[in-house]
Amino acid sequence: MQSIGQAQRAIVESVGPLPAEQTALARARGRVLASDVRAERDLPGFDHSAMDGYAARHAELSLAGALPVRGESRAGGTWPEPLAAGCAIRIFTGAPMPQGADTVIIQEDVDAEHGPEHGAIRVRELPKLGSNIRTRGSDLAIGALALPAGQLIGPGEIALLAALGCARVATYRAPRVAIVCTGDELRDVHEVLPPGALVNSNAYMLAAQVEDAGGVATVLPSAPDRIEEIIARFEQALAGSDVVLTSGGVSVGDHDLVAEALSRAGVETRFWKVAMKPGKPLLFGMRGAVPVLGLPGNPVSAFVGFEVFVRPLLSRMRGLRAPYPALIPVRLAHDHRKSKGRPELARGVLTPSPSDSGALTAELHTRQGSGSLPSIARVDALVFLPGDASELPSGAALTALRIGARAESTEPTFP
Ligand code: AMP
Ligand code: MG
(Lines give C-alpha, C1' and ligand atoms only; values in the text may rest on other atoms or scores of the structure.)
(Ligands and ions follow the chains in the order given, each with its own letter.)
Protein backbone atom coordinates (compact mmCIF):
# COMPACT_ATOMS: atom_id res chain seq x y z
CA MET A 1 0.00 0.00 0.00
CA GLN A 2 1.18 3.55 -0.80
CA SER A 3 2.13 5.86 2.05
CA ILE A 4 0.39 9.22 2.06
CA GLY A 5 3.55 10.99 0.89
CA GLN A 6 4.21 8.48 -1.90
CA ALA A 7 0.66 8.84 -3.12
CA GLN A 8 0.86 12.64 -2.97
CA ARG A 9 4.05 12.62 -5.02
CA ALA A 10 2.72 10.16 -7.62
CA ILE A 11 -0.41 12.24 -8.11
CA VAL A 12 1.28 15.65 -8.24
CA GLU A 13 4.12 14.49 -10.49
CA SER A 14 1.68 13.02 -13.00
CA VAL A 15 0.88 16.54 -14.22
CA GLY A 16 2.58 19.81 -15.10
CA PRO A 17 1.30 23.35 -15.23
CA LEU A 18 -1.57 23.90 -17.70
CA PRO A 19 -0.94 26.08 -20.78
CA ALA A 20 -0.61 29.81 -20.25
CA GLU A 21 -3.19 32.32 -21.43
CA GLN A 22 -3.63 36.07 -21.29
CA THR A 23 -5.86 37.04 -18.37
CA ALA A 24 -7.48 40.42 -17.75
CA LEU A 25 -6.02 41.90 -14.59
CA ALA A 26 -9.40 42.10 -12.86
CA ARG A 27 -9.77 38.33 -13.28
CA ALA A 28 -6.23 37.40 -12.33
CA ARG A 29 -6.69 36.96 -8.57
CA GLY A 30 -5.82 33.38 -7.60
CA ARG A 31 -3.99 32.75 -10.86
CA VAL A 32 -0.25 32.10 -11.10
CA LEU A 33 2.07 34.11 -13.36
CA ALA A 34 3.34 32.08 -16.30
CA SER A 35 6.22 34.45 -17.08
CA ASP A 36 8.35 37.02 -15.30
CA VAL A 37 6.91 40.51 -15.22
CA ARG A 38 9.51 43.25 -15.66
CA ALA A 39 8.75 46.90 -14.97
CA GLU A 40 8.07 48.76 -18.20
CA ARG A 41 7.93 52.03 -16.31
CA ASP A 42 9.56 53.47 -13.22
CA LEU A 43 7.78 53.27 -9.88
CA PRO A 44 7.21 55.95 -8.78
CA GLY A 45 6.99 57.47 -12.23
CA PHE A 46 8.23 60.94 -11.15
CA ASP A 47 9.90 62.52 -8.13
CA HIS A 48 7.14 63.60 -5.78
CA SER A 49 6.48 64.70 -2.24
CA ALA A 50 5.63 62.10 0.38
CA MET A 51 4.08 64.71 2.68
CA ASP A 52 2.18 67.97 2.79
CA GLY A 53 4.66 70.84 3.28
CA TYR A 54 7.11 72.99 1.38
CA ALA A 55 9.75 72.06 -1.19
CA ALA A 56 13.04 73.94 -1.10
CA ARG A 57 16.79 73.73 -1.67
CA HIS A 58 18.44 72.23 1.37
CA ALA A 59 21.43 74.57 1.08
CA GLU A 60 19.10 77.57 1.36
CA LEU A 61 17.39 76.44 4.56
CA SER A 62 18.31 77.94 7.89
CA LEU A 63 16.61 78.42 11.22
CA ALA A 64 17.43 82.15 11.08
CA GLY A 65 15.70 83.66 8.05
CA ALA A 66 12.33 83.32 6.34
CA LEU A 67 11.88 81.82 2.85
CA PRO A 68 9.30 83.37 0.57
CA VAL A 69 6.81 80.88 -0.83
CA ARG A 70 6.32 81.00 -4.60
CA GLY A 71 3.75 78.81 -6.26
CA GLU A 72 2.22 75.48 -5.42
CA SER A 73 2.39 71.87 -6.59
CA ARG A 74 -0.45 69.45 -5.96
CA ALA A 75 -1.21 65.89 -7.06
CA GLY A 76 -2.71 65.93 -10.53
CA GLY A 77 -2.23 69.72 -10.87
CA THR A 78 -0.25 71.59 -13.52
CA TRP A 79 3.44 70.72 -13.60
CA PRO A 80 5.28 73.15 -11.26
CA GLU A 81 7.67 75.81 -12.48
CA PRO A 82 11.35 75.35 -11.53
CA LEU A 83 12.04 76.52 -7.99
CA ALA A 84 13.17 80.17 -7.90
CA ALA A 85 16.45 80.90 -6.05
CA GLY A 86 16.02 81.55 -2.35
CA CYS A 87 12.34 80.44 -2.36
CA ALA A 88 10.15 77.56 -1.28
CA ILE A 89 7.06 76.17 -3.01
CA ARG A 90 3.91 74.91 -1.32
CA ILE A 91 3.62 71.19 -2.03
CA PHE A 92 1.19 68.39 -1.18
CA THR A 93 1.45 64.60 -0.92
CA GLY A 94 1.87 62.97 -4.32
CA ALA A 95 2.65 66.28 -6.06
CA PRO A 96 5.61 66.48 -8.47
CA MET A 97 8.78 68.07 -7.15
CA PRO A 98 9.71 71.27 -8.95
CA GLN A 99 13.06 71.25 -10.71
CA GLY A 100 15.76 72.55 -8.35
CA ALA A 101 14.05 71.49 -5.10
CA ASP A 102 15.79 68.72 -3.20
CA THR A 103 14.01 68.61 0.17
CA VAL A 104 10.47 68.76 1.54
CA ILE A 105 9.88 70.33 4.95
CA ILE A 106 6.69 68.98 6.47
CA GLN A 107 4.15 71.65 7.30
CA GLU A 108 4.23 70.72 10.99
CA ASP A 109 7.89 71.90 11.09
CA VAL A 110 7.36 75.43 9.80
CA ASP A 111 5.74 78.64 10.92
CA ALA A 112 3.86 79.98 7.92
CA GLU A 113 3.40 83.72 7.53
CA HIS A 114 0.60 84.62 5.18
CA GLY A 115 1.47 87.53 2.94
CA PRO A 116 -0.32 89.21 0.02
CA GLU A 117 1.02 86.61 -2.44
CA HIS A 118 1.87 83.23 -0.91
CA GLY A 119 3.61 84.42 2.23
CA ALA A 120 6.79 83.02 3.72
CA ILE A 121 7.88 80.22 6.02
CA ARG A 122 10.22 79.98 8.95
CA VAL A 123 11.69 76.58 9.48
CA ARG A 124 11.52 75.33 13.08
CA GLU A 125 13.21 71.98 12.50
CA LEU A 126 15.88 71.50 9.80
CA PRO A 127 15.18 68.40 7.70
CA LYS A 128 17.90 66.22 6.22
CA LEU A 129 18.77 66.70 2.57
CA GLY A 130 16.31 64.75 0.44
CA SER A 131 13.70 64.34 3.18
CA ASN A 132 10.12 63.40 2.31
CA ILE A 133 10.74 62.84 -1.40
CA ARG A 134 9.90 59.66 -3.25
CA THR A 135 12.29 59.62 -6.16
CA ARG A 136 11.49 58.29 -9.60
CA GLY A 137 12.23 54.57 -9.92
CA SER A 138 13.19 54.21 -6.24
CA ASP A 139 10.62 51.44 -5.65
CA LEU A 140 11.15 49.73 -8.99
CA ALA A 141 13.27 50.91 -11.90
CA ILE A 142 12.43 50.24 -15.56
CA GLY A 143 13.60 46.74 -16.49
CA ALA A 144 13.71 45.42 -12.92
CA LEU A 145 11.93 42.16 -12.07
CA ALA A 146 8.54 43.10 -10.60
CA LEU A 147 7.12 39.59 -10.11
CA PRO A 148 8.59 36.18 -11.02
CA ALA A 149 6.92 33.41 -13.00
CA GLY A 150 5.25 31.06 -10.53
CA GLN A 151 4.02 33.90 -8.33
CA LEU A 152 0.50 33.52 -6.97
CA ILE A 153 -1.48 36.67 -7.73
CA GLY A 154 -3.30 38.16 -4.76
CA PRO A 155 -4.66 41.65 -4.16
CA GLY A 156 -1.19 43.13 -3.51
CA GLU A 157 0.24 41.68 -6.73
CA ILE A 158 -2.81 43.00 -8.61
CA ALA A 159 -2.09 46.51 -7.30
CA LEU A 160 1.55 46.30 -8.39
CA LEU A 161 0.63 44.98 -11.85
CA ALA A 162 -1.97 47.74 -12.25
CA ALA A 163 0.52 50.44 -11.27
CA LEU A 164 2.92 49.03 -13.87
CA GLY A 165 0.26 49.28 -16.56
CA CYS A 166 -0.27 45.53 -17.04
CA ALA A 167 -3.89 45.35 -18.16
CA ARG A 168 -3.42 41.67 -19.05
CA VAL A 169 -0.99 39.14 -17.65
CA ALA A 170 0.14 35.70 -18.76
CA THR A 171 -1.16 33.16 -16.26
CA TYR A 172 -1.58 29.41 -16.27
CA ARG A 173 -5.09 28.35 -17.12
CA ALA A 174 -7.27 27.44 -14.12
CA PRO A 175 -7.91 23.67 -13.98
CA ARG A 176 -11.41 22.60 -15.07
CA VAL A 177 -12.54 19.93 -12.68
CA ALA A 178 -15.50 17.63 -13.34
CA ILE A 179 -17.21 16.09 -10.30
CA VAL A 180 -19.23 12.87 -10.53
CA CYS A 181 -20.82 11.36 -7.44
CA THR A 182 -22.10 7.82 -7.56
CA GLY A 183 -24.70 6.11 -5.40
CA ASP A 184 -28.34 5.01 -5.71
CA GLU A 185 -29.09 6.74 -2.42
CA LEU A 186 -28.10 10.26 -3.52
CA ARG A 187 -30.60 13.08 -3.96
CA ASP A 188 -30.09 16.79 -4.56
CA VAL A 189 -30.42 19.22 -1.68
CA HIS A 190 -33.93 20.46 -2.57
CA GLU A 191 -35.44 17.01 -3.13
CA VAL A 192 -37.71 15.16 -0.72
CA LEU A 193 -35.78 12.22 0.70
CA PRO A 194 -37.45 8.82 0.36
CA PRO A 195 -36.51 6.25 3.05
CA GLY A 196 -32.82 5.36 2.80
CA ALA A 197 -31.87 8.36 0.69
CA LEU A 198 -29.53 11.18 1.64
CA VAL A 199 -28.36 14.47 0.20
CA ASN A 200 -25.46 14.39 -2.23
CA SER A 201 -23.45 16.66 0.05
CA ASN A 202 -20.16 15.60 -1.53
CA ALA A 203 -21.09 17.33 -4.79
CA TYR A 204 -21.48 20.65 -2.99
CA MET A 205 -18.46 20.06 -0.77
CA LEU A 206 -16.09 19.07 -3.58
CA ALA A 207 -17.24 21.93 -5.83
CA ALA A 208 -16.54 24.34 -2.98
CA GLN A 209 -13.12 22.78 -2.36
CA VAL A 210 -12.25 22.99 -6.07
CA GLU A 211 -13.20 26.66 -6.23
CA ASP A 212 -11.30 27.33 -3.03
CA ALA A 213 -8.23 25.65 -4.54
CA GLY A 214 -8.30 27.85 -7.64
CA GLY A 215 -10.08 25.42 -9.99
CA VAL A 216 -13.31 25.72 -11.96
CA ALA A 217 -15.80 23.06 -10.88
CA THR A 218 -18.49 21.40 -12.98
CA VAL A 219 -20.84 19.08 -11.10
CA LEU A 220 -22.42 16.41 -13.28
CA PRO A 221 -25.70 14.72 -12.30
CA SER A 222 -24.96 11.88 -9.89
CA ALA A 223 -24.81 8.35 -11.30
CA PRO A 224 -26.76 5.42 -9.90
CA ASP A 225 -24.87 2.23 -9.02
CA ARG A 226 -25.22 0.74 -12.52
CA ILE A 227 -22.08 0.15 -14.49
CA GLU A 228 -23.26 1.37 -17.89
CA GLU A 229 -24.61 4.60 -16.45
CA ILE A 230 -21.45 5.20 -14.46
CA ILE A 231 -19.30 4.67 -17.55
CA ALA A 232 -21.45 7.07 -19.56
CA ARG A 233 -21.16 9.70 -16.85
CA PHE A 234 -17.37 9.24 -16.63
CA GLU A 235 -17.04 9.61 -20.40
CA GLN A 236 -18.99 12.84 -20.13
CA ALA A 237 -16.75 14.02 -17.28
CA LEU A 238 -13.52 13.15 -19.08
CA ALA A 239 -14.46 15.14 -22.17
CA GLY A 240 -13.24 18.70 -21.80
CA SER A 241 -11.89 18.51 -18.23
CA ASP A 242 -8.39 18.79 -16.85
CA VAL A 243 -9.20 16.67 -13.79
CA VAL A 244 -12.03 14.27 -12.91
CA LEU A 245 -13.11 13.67 -9.31
CA THR A 246 -15.46 10.85 -8.46
CA SER A 247 -17.03 10.11 -5.11
CA GLY A 248 -18.34 6.81 -3.77
CA GLY A 249 -18.31 3.26 -5.02
CA VAL A 250 -14.56 2.93 -4.86
CA SER A 251 -14.08 0.22 -2.22
CA VAL A 252 -14.68 -3.50 -2.65
CA GLY A 253 -18.43 -3.89 -1.95
CA ASP A 254 -20.76 -5.54 -4.48
CA HIS A 255 -22.06 -2.12 -5.51
CA ASP A 256 -18.64 -0.49 -5.77
CA LEU A 257 -18.35 -0.17 -9.52
CA VAL A 258 -16.12 2.85 -9.94
CA ALA A 259 -12.84 1.00 -10.52
CA GLU A 260 -14.34 -1.17 -13.24
CA ALA A 261 -16.19 1.74 -14.83
CA LEU A 262 -13.06 3.88 -14.93
CA SER A 263 -11.09 1.05 -16.46
CA ARG A 264 -13.76 0.52 -19.13
CA ALA A 265 -13.72 4.28 -19.82
CA GLY A 266 -10.03 3.96 -20.66
CA VAL A 267 -8.60 5.21 -17.38
CA GLU A 268 -5.39 3.44 -16.46
CA THR A 269 -5.26 2.77 -12.70
CA ARG A 270 -2.01 3.76 -10.97
CA PHE A 271 -3.02 2.77 -7.43
CA TRP A 272 -6.15 2.06 -5.46
CA LYS A 273 -5.28 2.23 -1.78
CA VAL A 274 -3.42 4.61 0.52
CA ALA A 275 -2.29 3.82 4.06
CA MET A 276 -4.31 6.45 5.84
CA LYS A 277 -7.37 6.93 7.94
CA PRO A 278 -9.84 8.14 6.87
CA GLY A 279 -9.74 7.52 3.15
CA LYS A 280 -7.96 4.22 2.53
CA PRO A 281 -9.80 3.33 -0.67
CA LEU A 282 -8.56 6.04 -3.01
CA LEU A 283 -8.13 5.36 -6.66
CA PHE A 284 -5.72 7.28 -8.80
CA GLY A 285 -5.62 6.80 -12.56
CA MET A 286 -4.94 8.67 -15.76
CA ARG A 287 -6.57 8.82 -19.14
CA GLY A 288 -4.07 10.54 -21.41
CA ALA A 289 -3.07 13.71 -19.58
CA VAL A 290 -6.19 13.78 -17.40
CA PRO A 291 -5.77 12.62 -13.81
CA VAL A 292 -8.76 10.91 -12.22
CA LEU A 293 -9.21 10.66 -8.48
CA GLY A 294 -11.70 8.15 -7.17
CA LEU A 295 -12.53 9.48 -3.71
CA PRO A 296 -14.49 7.47 -1.14
CA GLY A 297 -18.15 8.31 -0.65
CA ASN A 298 -17.84 8.91 3.05
CA PRO A 299 -17.93 12.69 3.27
CA VAL A 300 -15.05 12.95 5.75
CA SER A 301 -12.87 10.64 3.67
CA ALA A 302 -13.63 12.58 0.50
CA PHE A 303 -12.94 15.86 2.26
CA VAL A 304 -9.59 14.68 3.61
CA GLY A 305 -8.67 13.04 0.29
CA PHE A 306 -9.27 16.33 -1.47
CA GLU A 307 -7.14 18.33 0.94
CA VAL A 308 -4.25 15.88 0.91
CA PHE A 309 -4.19 14.87 -2.76
CA VAL A 310 -6.39 17.03 -4.97
CA ARG A 311 -5.43 20.44 -3.64
CA PRO A 312 -1.69 19.89 -4.32
CA LEU A 313 -2.57 18.43 -7.73
CA LEU A 314 -4.52 21.57 -8.62
CA SER A 315 -1.73 23.74 -7.20
CA ARG A 316 0.71 22.07 -9.59
CA MET A 317 -1.63 22.49 -12.57
CA ARG A 318 -2.15 26.14 -11.66
CA GLY A 319 1.62 26.60 -11.91
CA LEU A 320 2.61 26.92 -8.25
CA ARG A 321 6.25 25.86 -7.89
CA ALA A 322 5.85 24.54 -4.34
CA PRO A 323 2.51 22.73 -4.60
CA TYR A 324 2.40 20.84 -1.30
CA PRO A 325 0.98 22.27 1.91
CA ALA A 326 3.54 22.34 4.69
CA LEU A 327 3.16 20.73 8.11
CA ILE A 328 3.25 22.90 11.18
CA PRO A 329 4.23 21.78 14.69
CA VAL A 330 1.39 21.55 17.21
CA ARG A 331 0.82 20.22 20.73
CA LEU A 332 -2.13 18.03 21.59
CA ALA A 333 -4.56 19.80 23.92
CA HIS A 334 -5.82 16.61 25.61
CA ASP A 335 -5.17 12.87 25.89
CA HIS A 336 -6.20 10.93 22.81
CA ARG A 337 -6.46 7.21 22.24
CA LYS A 338 -6.34 5.63 18.80
CA SER A 339 -5.81 2.15 17.43
CA LYS A 340 -2.39 1.25 16.07
CA GLY A 341 -2.13 0.75 12.34
CA ARG A 342 -2.70 3.35 9.67
CA PRO A 343 -1.65 6.96 10.30
CA GLU A 344 -4.65 9.17 10.93
CA LEU A 345 -5.55 12.64 9.79
CA ALA A 346 -7.69 13.78 12.67
CA ARG A 347 -9.83 16.85 12.28
CA GLY A 348 -9.20 19.54 14.84
CA VAL A 349 -8.93 23.18 15.76
CA LEU A 350 -5.63 24.99 16.30
CA THR A 351 -5.35 27.77 18.85
CA PRO A 352 -2.31 29.69 20.06
CA SER A 353 -1.27 28.29 23.42
CA PRO A 354 -1.98 30.74 26.24
CA SER A 355 1.34 30.04 27.97
CA ASP A 356 3.64 29.91 24.92
CA SER A 357 2.73 32.40 22.21
CA GLY A 358 4.76 30.61 19.53
CA ALA A 359 3.09 27.22 19.96
CA LEU A 360 -0.22 26.02 18.56
CA THR A 361 -2.47 23.72 20.53
CA ALA A 362 -4.56 21.15 18.65
CA GLU A 363 -7.94 20.13 19.96
CA LEU A 364 -9.35 17.15 18.10
CA HIS A 365 -13.01 16.89 17.19
CA THR A 366 -14.69 14.41 19.55
CA ARG A 367 -16.23 12.42 16.67
CA GLN A 368 -13.54 11.13 14.34
CA GLY A 369 -15.66 8.64 12.36
CA SER A 370 -15.32 8.90 8.59
CA GLY A 371 -19.06 9.40 8.14
CA SER A 372 -19.45 12.09 10.77
CA LEU A 373 -20.10 15.32 8.88
CA PRO A 374 -19.86 17.69 11.86
CA SER A 375 -16.18 16.78 12.17
CA ILE A 376 -15.38 18.63 8.93
CA ALA A 377 -17.31 21.73 9.90
CA ARG A 378 -15.77 24.32 12.22
CA VAL A 379 -12.33 22.73 12.11
CA ASP A 380 -9.21 24.24 10.57
CA ALA A 381 -6.60 21.50 10.60
CA LEU A 382 -5.84 17.89 9.85
CA VAL A 383 -3.66 16.65 12.69
CA PHE A 384 -1.26 13.86 11.73
CA LEU A 385 -1.37 10.96 14.22
CA PRO A 386 1.44 8.48 13.44
CA GLY A 387 0.39 4.90 12.68
CA ASP A 388 2.39 3.32 15.51
CA ALA A 389 1.00 5.66 18.19
CA SER A 390 -1.86 4.46 20.39
CA GLU A 391 -1.95 6.49 23.63
CA LEU A 392 -1.23 10.14 22.87
CA PRO A 393 -0.87 12.23 26.03
CA SER A 394 -1.92 15.85 26.39
CA GLY A 395 1.00 18.00 25.26
CA ALA A 396 2.27 15.42 22.74
CA ALA A 397 4.33 17.04 19.96
CA LEU A 398 2.57 16.44 16.62
CA THR A 399 2.29 18.03 13.21
CA ALA A 400 -0.74 19.38 11.39
CA LEU A 401 -1.87 20.57 8.00
CA ARG A 402 -3.94 23.73 7.90
CA ILE A 403 -7.07 23.11 5.87
CA GLY A 404 -6.96 25.26 2.75
CA ALA A 405 -3.45 26.51 3.53
CA ARG A 406 -1.40 28.08 0.77
CA ALA A 407 0.86 25.62 -0.98
CA GLU A 408 4.37 26.24 0.25
CA SER A 409 6.57 23.16 -0.02
CA THR A 410 8.34 21.45 -2.91
CA GLU A 411 8.27 18.14 -1.05
CA PRO A 412 5.23 16.03 -0.15
CA THR A 413 3.55 17.02 3.08
CA PHE A 414 3.66 13.57 4.69
CA PRO A 415 6.16 10.71 4.98
P1 AMP B 1 -19.47 4.40 -0.71
O2 AMP B 1 -18.09 4.97 -0.77
O3 AMP B 1 -20.21 4.52 -1.99
O4 AMP B 1 -19.44 3.01 -0.17
O5 AMP B 1 -20.26 5.28 0.34
C6 AMP B 1 -19.85 5.33 1.68
C7 AMP B 1 -20.82 6.12 2.50
O8 AMP B 1 -20.82 7.48 2.06
C9 AMP B 1 -22.25 5.67 2.42
O10 AMP B 1 -22.84 5.83 3.70
C11 AMP B 1 -22.88 6.62 1.43
O12 AMP B 1 -24.26 6.76 1.60
C13 AMP B 1 -22.15 7.89 1.71
N14 AMP B 1 -22.04 8.69 0.50
C15 AMP B 1 -21.66 8.23 -0.71
N16 AMP B 1 -21.68 9.19 -1.63
C17 AMP B 1 -22.05 10.31 -0.98
C18 AMP B 1 -22.26 11.65 -1.39
N19 AMP B 1 -22.05 12.03 -2.67
N20 AMP B 1 -22.64 12.56 -0.48
C21 AMP B 1 -22.83 12.19 0.81
N22 AMP B 1 -22.66 10.94 1.25
C23 AMP B 1 -22.28 10.00 0.38
MG1 MG C 1 -21.99 3.73 -2.78
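Cut-off values and rules
Residues numbered from 1 in each chain as written. Chains lettered and ligands numbered in written order. Predicted model: local features only at pLDDT ≥ 70, side-chain atom pairs only at ≥ 80, totals over all residues. Heavy atoms only, no water. Near = heavy atom within 4 Å. Polar contact = N/O pair within 3.5 Å; in protein donor to acceptor, adjacent residues only side chain to side chain. Areas by Shrake-Rupley, 256 points an atom, 1.4 Å probe, with all protein chains shown as cover. Nonpolar A, V, L, I, M, F, W, Y, C, P; charged D, E, K, R; others polar. Helix = DSSP H or I, 4+ residues; strand = E, 2+ residues; numbered from the N terminus. Expected span 1.5 Å × (residues − 1). Buried < 20%, exposed > 50% of the residue type's maximum accessible area, 1.4 Å probe, protein only. Arc of directions from axis to C-beta. Contact = heavy atoms within 4.5 Å. Pairing = 2+ DSSP bridges. Core = buried A, V, L, I, M, F, W, Y, C linked by side-chain atoms within 4.5 Å. Axes fitted to C-alpha atoms, helices over the stretch in contact; angles between N-to-C directions.

**Q** Please explain the site of ligand 1 as it appears in this structure.
**A** Around ligand 1 sit 15 residues, and of these Glu185, Asn200, Gly249, Gly297 and Asn298 come closest. At 2.6 Å from an oxygen atom of ligand 1 is found a side-chain nitrogen or oxygen belonging to glutamate 185. The separation between an oxygen atom of ligand 1 and a polar main-chain atom of glycine 297 is 2.9 Å. Burial of ligand 1 by the protein chains amounts to 76% of its free accessible area of 480 Å². In terms of residue class, the shell around ligand 1 is built from five nonpolar, eight polar and two charged.

**Q** Which parts of the structure should I look at to understand helix 4 (residues 227–238)?
**A** Residues lying three or four places apart along an α-helix face the same way, a consequence of the helix completing one turn every 3.6 residues. Across its twelve residues, helix 4 extends 16 Å between first and last C-alpha, which sits within 8% of the 16 Å expected from 1.5 Å per residue. Buried within helix 4 are the following residues: Ile227, Ile230, Ile231, Arg233, Phe234, Ala237 and Leu238. Mapping the buried residues of helix 4 onto a view down its axis gives an arc of 165 degrees, with all of them on the same face. On the buried face of helix 4, the contacting elements are strand 13 (176–181), strand 17 (243–247), helix 5 (258–264), strand 19 (281–287) and strand 20 (290–295).

**Q** Help me understand the pairing of strand 17, please; the structure alone is not making it clear to me.
**A** Looking down a regular strand, the side chains alternate between one sheet face and the other. The buried count for strand 17 comes to five of five residues, which makes it a mostly enclosed element. Across the two faces of strand 17 the burial is the same, with Val243, Leu245 and Ser247 and Val244 and Thr246 all buried. Note: strand 13 against strand 17, five bridges, orientation parallel. In the sheet register, isoleucine 179 faces strand 17, and the bridge partner there is leucine 245.

**Q** Could you clarify how one ought to interpret the side chain of threonine 171 in this entry?
**A** Of note, threonine 171 is situated in strand 12 (residues 168–172). On the accessibility criterion, threonine 171 (0% relative accessible area) is buried. Aside from chain neighbours lying at most four places away, what touches threonine 171 is Pro19, Ala20, Glu21, Thr23, Arg31, Val32, Leu33, Ala34 and Ile153.

**Q** Whenever I open this one, the nonpolar core confuses me. Can you help?
**A** For soluble globular proteins, nonpolar side chains are generally found buried alongside one another. Membership of the largest hydrophobic core comes to 43 residues, with the highest contact counts inside it found for Ile4, Leu245, Leu293, Val308, Phe309 and Leu345. Of all the secondary structure elements, the ones that give two or more residues to this core are helix 1 (4–12), strand 13, helix 3 (201–212), strand 17, strand 19, strand 20, helix 6 (299–318) and strand 25 (381–385). Looking at this core, the element that brings in the most residues is helix 6, giving eleven residues. With residues near it in sequence (within four places) discarded, leucine 245 still touches Val177, Ala178, Ile179, Val180, Val210, Leu293, Phe306 and Val310. Within the second largest apolar cluster, 22 residues are counted, among which are Val180, Ala223, Ile227 and Phe234.

**Q** What is the right way to look at the environment of valine 243 in this model?
**A** Position of valine 243 relative to the elements: it lies in strand 17. The buried category is assigned to valine 243, whose relative accessible area is 0%. As for valine 243 and valine 177, which are separated by 66 residues in sequence, their C-alpha atoms are 4.8 Å apart.

**Q** Help me understand the sheet that holds strand 18 (residues 268–273) in this model?
**A** The strands making up a sheet are joined through hydrogen bonds of the backbone, oriented either antiparallel or parallel. Spatially, the six strands line up as an open sheet ordered 16-13-17-20-19-18, and their pairing is mixed. This sheet does not close on itself; its edge strands, each paired only once, are strand 16 (216–219) and strand 18. Across the sheet, the mean angle separating the axes of adjacent strands is 20 degrees when strand polarity is ignored. Bridge count for strand 19 against strand 20 is five bridges, and the pairing is antiparallel. In the strand pairing of strand 20, glycine 285 is matched with valine 292.

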